[in-house]
Amino acid sequence: MDHNKLALPVGTTLDRFIMRKQEDFPYATGELSQLLRDIALAAKIVNREINRSGLIDIAGAYGSQNVQGEDQQKLDVIANIRFIRALRNGGEVCTIISEEDDEMIQTGNNQGKYVVAIDPLDGSSNIDVNVSIGTIFSIYRRVSPTGREGTAADCLQPGTHQVAAGYVIYGSSTMMVYTTGNGVNGFTYEHSLGEFFLSHPDIITPQTGAIYSINEGSSDSFSPGVAAFVQYCKDQQFSARYIGSLVADFHRNLLKGGIYVYPATAKNKSGKLRLMYECNPLAFIVEQAGGKSSNGTRRTMEIEPQIPHERCPFFIGSKELVEKAESFIANDKEACDHKPAPEPTPKKATTVK
Ligand code: P6P
C-alpha cells in the first residue's frame, strides 16, 4: 500500500504533511517543502505580533511609542519585514514582489529557484477593530537561469504557472490554507504547541451558494452587468456578507459557498485588488477546490501580467455563481474589456532591506 496516497489524518502537523506529500511537488527536491515551512514560520511570528499589537495598541494609543518605548511600526510593515526575512534566510527564493514594496526585492539568494508574490498583511486597517486579516502568497519557479538576480520575467508570470499558493487567516483561530496543485488543505494553529495541525483536509467549495460579498457603497459606478448580477442575488434572497477583509470573505465563501466580487468602479477603474499577490493565489486555491475565478470575462490565472502591482476586477467563489455573474456581464452592452490602468513602470530592482 502506498502510504503516501492515504488521506492523512486530521491532526497531522503541517511539517509532517509537507514531508509526506513531497512527491506531489513537481520538483520533489525538498526545496519547495522548505519554502512552505519558511512561510509557516513567518506566519507564526506575525500571528504573535498581531495578538500582541492589540495590547500594544492600547498602550501605544497614548503616544507613538509602545510599552517598551519602541517606535510603534505599522503591523503590515512588521509583517513585510518578517516574511521577507524568513524567505531570504530560507535560501529558496531569489526575488519577491510584495504589496509593501514598489520595486522587486532581491534576496541575494541568486541560486534560489523560486519567486514569491506576497501581500504580507491584507486588510491591516481592520486590526484596530479586531476584524480578521490575512497574508496571501503565490509561489512560482523562476524562468531565468540561477546564479544571478531574479528578473521581471520571473515575477510577471501568469497565474497558471504557480507551483503553490496559499493564505493565512488571523481570525478567531489562525489557519493556513494552501495548494501545490493537488487539492486544498487547511491547517489550524495551536498556540500552546506552536504548531499548525491539519484540520480541513481536501477542501471542496460548494458548486453554488447563497452568499454574495461586494461593497455596495460603490454601486453607483457598477457596470450594468454587475448591477444586474447584484440585483439577481437580491431577487434570490441571498445573504449579503462583506467583512472588508478579502481573506476573511474568501475563506467563509470557500467553506460555505458564495461569491466575492470587486469590480471596476469609478474610484478603482481596474478594480482594487492586485493580480499577482491577491487574485492569482486565491484563484489557484478556488480552482483546486472546484470553484472559479475571473475578471468578469477572462479566467484570472490566464491574465498576462504587465506590471508587478497590476490590479484587475475580481469575481471568485462557487463556480455556478461566478458563471452567473459572467453571463450578466456578457449581456452587458457597455461591457468594456479590462485594460490595466497605466501605472508607473517599475524602477530597477533593489537589494533586500
Ligand atoms: P473596500 C482591504 O483593504 C482590501 O484590500 C481587501 O482585503 C478588501 O476585501 C477590500 O480591500 C475592501 O475594499 O473598497 O470595499 O473598502
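Relevant structure appears above.
Below: a short report on this structure. The structure presented is a predicted model; accordingly, all values stated were derived computationally and were not measured.

Quick look at unusual backbone geometry now. With a phi angle near 45°, Asp202 is a residue other than glycine that sits in the positive phi range. Topologically, Asp202 is positioned in the loop between strand S8 (195–200) and strand S9 (211–213). Residue class for Asp202 comes out partly exposed when judged on its relative accessible area of 47%. Positive phi, normally seen in glycine, also occurs at Gln237, with a value near 55°. Here Gln237 lies in the loop between helix H5 (224–235) and strand S10 (239–240).

On to the pairing of strand S7 (residues 184–190). Regular strands place their side chains on alternate faces of the sheet. In terms of burial, S7 is a largely internal element, five of the seven residues being buried. In this sheet, S7 lies alongside strand S6 (residues 174–179) in antiparallel orientation, the contact comprising five bridges. Counterpart to Val177 in the pairing with S7 is Gly186. In sequence, S6 turns back onto S7 through a hairpin of four residues, with Gly181 there showing a positive phi of about 90°. In this antiparallel pair of consecutive strands, S7 and S8, the connection spans four residues, and Gly194 shows a positive phi of 65°.

Once that is clear, we can look at the side chain of Thr174. Mapped onto the secondary structure, Thr174 falls in strand S6. Residue classification places Thr174 among the buried residues on the basis of a relative accessible area of 2%. A distance of 2.5 Å separates a polar atom in the side chain of Thr174 from a polar atom in the side chain of Asn47. For Thr174, the contacting residues outside a window of four places in its chain are Asn47, Val168, Ile169, Phe187, Thr188, Tyr189 and Phe196.

Turning our attention to the site of the ligand. Taken together, Asp122, Gly123, Asn215, Tyr242, Gly244, Ser245, Leu246, Tyr260, Tyr262, Lys272 and Leu273 are the residues near the ligand. Take Tyr262: an N or O atom from its side chain is 2.6 Å from an oxygen atom of the ligand. Lys272 is positioned with one of its side-chain polar atoms (N or O) 3.0 Å from an oxygen atom of the ligand. Relative to its unbound accessible surface of 400 Å², the ligand loses 79% to contact with the protein.

Here the focus is the pairing of strand S13 (residues 314–317). Going residue by residue along S13, you find Phe314 and Ile316 tucked away on one face and Phe315 and Gly317 tucked away on the opposite face as well. Where strand S11 (residues 259–262) meets S13, four bridges bridge the pair, whose relative direction is antiparallel. Considered in S13, the bridge of Ile259 is made with Gly317. Relative to S13, strand S12 (residues 292–294) runs antiparallel, the two being bridged by three bridges. Bridged to Lys292 within S13 is Gly317.

Moving on to the sheet that holds S13. Pairing is mixed in the open sheet, where five strands are placed in the order S10-S9-S11-S13-S12. Looking at strand neighbours, the two that pair on one side only are S10 and S12, the edges of this open sheet. Contacts between H5 and the sheet are confined to S9, S11 and S13, with S9 contributing the most and set at about 145° to the helix. Across the face of the sheet, helix H6 (residues 246–256) comes into contact with S9, S11 and S13 while running at roughly 160° to S9.

Turning our attention to helix H3 (residues 75–90). Since the α-helix packs 3.6 residues into each turn, any two residues three or four apart lie on the same face. With 16 residues, H3 should cover 22 Å at 1.5 Å per step; its first-to-last C-alpha distance of 22 Å lies within 8% of that length. Those residues of H3 not exposed but buried are Leu75, Asp76, Ile78, Ala79, Asn80, Phe83, Ile84, Ala86 and Leu87. Gly91 lies just past H3 and shows a positive phi near 85°.

Turning our eyes to something else, we now look at the nonpolar core. If you look at the biggest cluster of nonpolar residues, it comprises 41 residues, and the most contacted ones within it are Leu35, Ile139, Tyr170, Met176 and Tyr178. Counting residues per element, this core draws most heavily on helix H2 (residues 31–60), which supplies nine residues. Beyond its immediate sequence surroundings of up to four residues, Leu35 is in contact with Leu87, Glu92, Val93, Tyr114, Val116 and Ile139. Residues Ile97, Val177, Ile303 and Ile316 belong to the second largest nonpolar core, which totals 34 residues.

What counts, and where the lines are drawn
One numbering rule holds for all chains: residues counted from 1, following each sequence as written. Since the coordinates come from a predicted model, pLDDT governs what is reported: local features require at least 70, and pairs of side-chain atoms require 80 or more to be given and counted, while whole-chain, interface and lining totals use all residues. Processing note: side-chain calculations cover all non-hydrogen atoms of the structure and skip hydrogens and water entirely. Helix and strand assignments follow DSSP, with helices taken as H or I runs no shorter than four residues and strands as E runs no shorter than two, numbered in order from the N terminus. When accessible area is computed with a 1.4 Å probe and restricted to protein chains, residues below 20% of their type maximum are described as buried, those above 50% as exposed, and intermediate ones as partly exposed. Here a strand pair is declared whenever DSSP counts at least two bridges between the two strands. In protein, a polar contact requires one atom able to donate a hydrogen and another able to accept it; more generally it is a pair of N or O atoms within 3.5 Å, and residues adjacent in sequence count only if both atoms are side-chain atoms. In this analysis, two residues are considered to be in contact whenever any of their non-hydrogen atoms come within 4.5 Å of each other. Summary of the distance rule: residues count as near a molecule or strand when at least one heavy atom falls within 4 Å of that molecule or strand. Accessible areas in this description were obtained via Shrake-Rupley with a 1.4 Å probe; residue shielding takes into account the shown protein chains only. The angle between two axes is taken between their N-to-C directions and runs from 0 to 180 degrees, where each axis is a line fitted to C-alpha atoms and a helix contributes only its stretch in contact. Multiply 1.5 Å by the residue count of a helix minus one, and that product is the helix's expected span. We define the nonpolar core as a collection of buried residues of types Ala, Val, Leu, Ile, Met, Phe, Trp, Tyr and Cys that are connected through side-chain atoms lying within 4.5 Å of one another.

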